[in-house]
Structures are given as C-alpha cells and as structure tokens.
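Observations on chain architecture
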Amino acid sequence: MKKIKDFFRIVFLIFWFLLQTVFKPVIIILLFWLISFAVGFFTGSARITIVIWCLGMLVMSLILIIPRCKELISDIFIIKKGFKYVGICNGMTRPFKGASYLNVTWTDNNNHEHTHTFNATDNKNKYPHDVNVYAYDNIMNLTNLGWRTVVKDVGYVLLFMPFFILSVVLIIFAVKDIIKNGLV
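Everything in this summary refers to the structure shown in the same document. (Residues numbered from 1 in each chain as written. Predicted model: local features only at pLDDT ≥ 70, side-chain atom pairs only at ≥ 80, totals over all residues. Heavy atoms only, no water.)

A separate point is the overall build of the protein. Looking only at helices and strands, the protein features three helices and five strands. When the elements of the protein are put in sequence order from the N terminus, they spell out α-α-β-β-β-β-β-α. Of all 184 residues assigned to the protein, the portion counted as buried reaches 36%. Restricting to contacts in the protein with at least 6 residues of sequence separation, those with at least 24 account for 65%. (Helix = DSSP H or I, 4+ residues; strand = E, 2+ residues; numbered from the N terminus. Buried < 20%, exposed > 50% of the residue type's maximum accessible area, 1.4 Å probe, protein only. Contact = heavy atoms within 4.5 Å.)

Spelled out as structure tokens, the structure:
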C-alpha cells in the first residue's frame, strides 16, 4: 500500500510542478493564437490566418522544447558517464511559489563534502533520506539526482511535443491547400 501511495504522490508532484512552470508559456501561445486570428480577420483570408497560426505554434513549441531537450540529453549524459554517489537529502525549500528545490549533501571520491540545491521532484515526506547523486568530474553544474531530475524534463517535452507535431502536420496541410486553391 505504501508503494502505491508513493507512486501516486510522485505523479501528483510531477503534475503540480508542470502546472506551475508551464502556465506562463501556455499564456504566450494563447496570445499568439489570438493575434493570428485577429490578423486573419482584418485581412479577410482564412488561409493566411491558418498559416500564421501554424507557424506561430511551430516557433513557440520549438522555443519551449529545444531547451528542455538539451537539458534532458545533458542529464542522461551525466547519468551514463558520471560517478554515482549516495547523498542525503536534508529537506525541500520553496523560494517562490512555482518551484521546489532539494537540498542535498554528499561526499565524493576525494572525501570532499559537497552541498547543492537541485530543482527536482521528491516522493518522500520525511527528511533526511538517501538520494543518488550523479556527478561528471565533480563539476557542480554537471550534477543531477538521476530520475528525480530527468522526470521533469521528460514530462515537459512530452507535454509540448503534441504542439510541435500538430503544427508540422497543419503546416503541411495548409501549404498543400494554398498550392491547390491559392491564397484567396
């Protein structure tokens, strides 16, 4: 029963994190759609509206997906090529409403103690508890918490991937329609 409860807790935490961090880009996408419909309304051409809408959706989805894909690839690289340490998660801080950070302390191979704050999800209520820390050459910018760090990037990419796919498909159909029937 405890494992089921932990599973649903982590799913809820991931959903809550995505809701808090994704809300602002979604507003930008909705504003762009509104502007493209207004341009199409004032020009009187529905095809121009569709093309502007599709291009805007493509650009916005690329702006949102590309940085997360880079972070995801970097995090996977760190997990595969870096060293694995067992650290102690001392607690969670929330410097502002939309994010939570895990405070982790670990000791590397040279007996140097490191303390770092990670933007990651956590499925435990009680602190302190053990976490896996992955570090590449003991560089602070190249450390992560394994699946706790990767899961938010995967969720973010999966959330915006349908926008990208839909925009590409709609651009193809819009261009075929413009070639077949013209702009008017």
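With that settled, the discussion passes to the environment of Leu 159. With respect to the helices, strands and loops of the structure, Leu 159 is situated in helix 3 (residues 147–181). The sequence separation of Leu 159 and Ile 65 amounts to 94 residues, and the corresponding C-alpha distance is 9.2 Å.

Let us look at the pattern of salt bridges. Per the counting criterion, the structure on display carries four salt bridges. The partner of Arg 68 in a salt bridge is Glu 71, with the nearest N and O atoms 3.6 Å apart. In this pair, Arg 68 and Glu 71 both sit in helix 2 (residues 46–81), three residues apart, roughly one turn of the helix. Taking relative accessible area as the criterion, Glu 71 reaches 34% and is therefore assigned partly exposed. Its salt-bridge partner being Asp 153, residue Lys 152 comes within 3.3 Å of it at the nearest N-O pair. Per residue, the accessibility class of Lys 152 equals that of Asp 153, and both read buried. Where salt bridges share partners, they join Arg 68, Glu 71, Lys 152 and Asp 153 into one cluster. (Salt bridge = Lys/Arg side-chain N within 4 Å of Asp/Glu carboxyl O.)

Inside soluble globular proteins, nonpolar side chains tend to come together where they are buried. One finds Tyr 85, Cys 89, Leu 102, Val 104, Trp 106, Phe 118, Ala 120, Val 131, Val 133, Ala 135 and Leu 145 forming the largest nonpolar core, which totals 11 residues. Elements supplying a minimum of two residues to this core: strand 1 (83–93), strand 2 (101–107) and strand 4 (129–135). Of all hydrophobic cores here, the second largest spans five residues; its members include Trp 53, Cys 54, Leu 58 and Ile 171. (Core = buried A, V, L, I, M, F, W, Y, C linked by side-chain atoms within 4.5 Å.)

Reading across the sheet, the five strands line up as 3-2-1-4-5 and stay open at both edges, with antiparallel pairing between neighbours. With one partner strand each, in any of the chains shown, strand 3 (113–118) and strand 5 (143–144) form the two edges of the open sheet. In this structure, strand 4 lies alongside strand 5, joined through two bridges in antiparallel fashion. Within strand 5, the position partnered with Ala 135 by the bridge is Thr 143. (Pairing = 2+ DSSP bridges.)

Here we take up the environment of Ile 52. Counting through the fold element by element, Ile 52 comes out in helix 2. Look at Ile 52 and you get partly exposed, because its relative accessible area is 26%.

Okay, a nonpolar patch on the surface next. On the surface, Ile 4, Phe 7, Phe 8 and Val 11 cluster together into a nonpolar patch covering about 410 Å² of accessible area. By secondary structure assignment, the location of Ile 4 is in helix 1 (residues 2–43). (Patch = residues over 30% accessible without salt bridge, like charges linked within 9 Å, V, L, I, M, F, W, Y side chains within 5 Å. Areas by Shrake-Rupley, 256 points an atom, 1.4 Å probe, with all protein chains shown as cover.)

Before going further, it helps to spend a moment on the pairing of strand 4. Most of strand 4 is tucked away, with five of its seven residues classed as buried. In terms of strand pairing, strand 1 meets strand 4 through seven bridges, oriented antiparallel. In the strand pairing of strand 4, Tyr 85 is matched with Val 133.

Before going further, it helps to examine the packing of aromatic side chains. Applying the stated rule across the entire model yields five aromatic pairs. Between Trp 106 and Phe 118, the aromatic rings sit 6.0 Å apart at their centres with planes inclined by 40 degrees, giving tilted as the arrangement. A residue pair is termed long-range when its members are at least 10 positions apart, and Trp 106 in strand 2 and Phe 118 in strand 3 qualify at 12 residues. Grouping residues by exposure puts Trp 106 and Phe 118 together as buried. Ring geometry for Tyr 156 and Phe 160: centres 5.2 Å apart, planes at 50 degrees, overall tilted. Of the two residues, Tyr 156 and Phe 160 are both situated in helix 3; the distance of four residues between them amounts to about one turn of the helix. The two residues Tyr 156 and Phe 160 agree in class, both being buried. An aromatic cluster of at least three residues, connected via ring pairs, comprises Tyr 156, Phe 160 and Phe 163. Positioned above the aromatic ring of Tyr 156 is the side chain of Arg 68, whose terminal nitrogen or guanidinium carbon lies 4.4 Å from the ring centre. (Phe/Tyr/Trp six-rings, centres within 6.5 Å; stacked < 30°, edge-to-face > 60°. Lys NZ or Arg CZ within 6 Å of the ring centre and 35° of its normal.)

On their own, these measurements won't tell you what the molecule is for.
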